[in-house]
Amino acid sequence: MSWQSYVDSSLVGTGCVTKGALFGHDGNVWATSAGFSVSKDEASKIVAAFSNPSTIQINGFQVNKVTFRCLRADDRSIYGRQGATGVVCCKTNQALIIAFYDENIQPGQCTNVTEKLADYLREQNY
């Protein structure tokens, strides 16, 4: 399966994620939803926050030029919220998954789908 298939089918195709993207730990994009423009700098800062979350816990973090308030940050997952929308970011062995949900999706649905894909990629050593 191509990386784009993971975004299209395993994230957005579930109906529980509005837009999604996959990045390498170096911040380079592997696949993304149309119109979801997460910059390399934004992705790199999120990857760095998995090992040192203090900055995003205080100042929040940006995805697609929108600042999200950090709800949770540990070495595997970072959750952010902005009004009725939010993001779930998961780090695997080689990848960063960023999943965005809008006001029509329950946060828990997006979290469940994103965490399951992250677990699968970890099992596959990605």
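Residues numbered from 1 in each chain as written. Predicted model: local features only at pLDDT ≥ 70, side-chain atom pairs only at ≥ 80, totals over all residues. Heavy atoms only, no water.

K.L.:
Help me understand the pattern of salt bridges in this model?
P.N.:
Applying the stated rule across the entire model yields four salt bridges. Between Asp 119 and Arg 76 there is a salt bridge, with the nearest N and O atoms lying 3.2 Å from each other. In this pair, Asp 119 is assigned in helix H4 (residues 107-123) and Arg 76 in the loop between strand S4 (66-73) and strand S5 (77-82), connecting sequence segments 43 residues apart. Under the relative-accessibility criterion, Asp 119 is labelled partly exposed at 33%. The exposure class of Arg 76 is partly exposed, given its relative accessible area of 38%. Across the pair Arg 122 and Asp 119 runs a salt bridge whose closest N-O atoms are separated by 2.9 Å. (Salt bridge = Lys/Arg side-chain N within 4 Å of Asp/Glu carboxyl O. Helix = DSSP H or I, 4+ residues; strand = E, 2+ residues; numbered from the N terminus. Buried < 20%, exposed > 50% of the residue type's maximum accessible area, 1.4 Å probe, protein only.)

K.L.:
When you look at the environment of Ala 118 in this model, what are you seeing that I'm missing?
P.N.:
Checked against the element boundaries, Ala 118 lands in helix H4. Ala 118 sits 61 residues away from Gln 57 along the chain, and the two C-alpha atoms are 22 Å apart.

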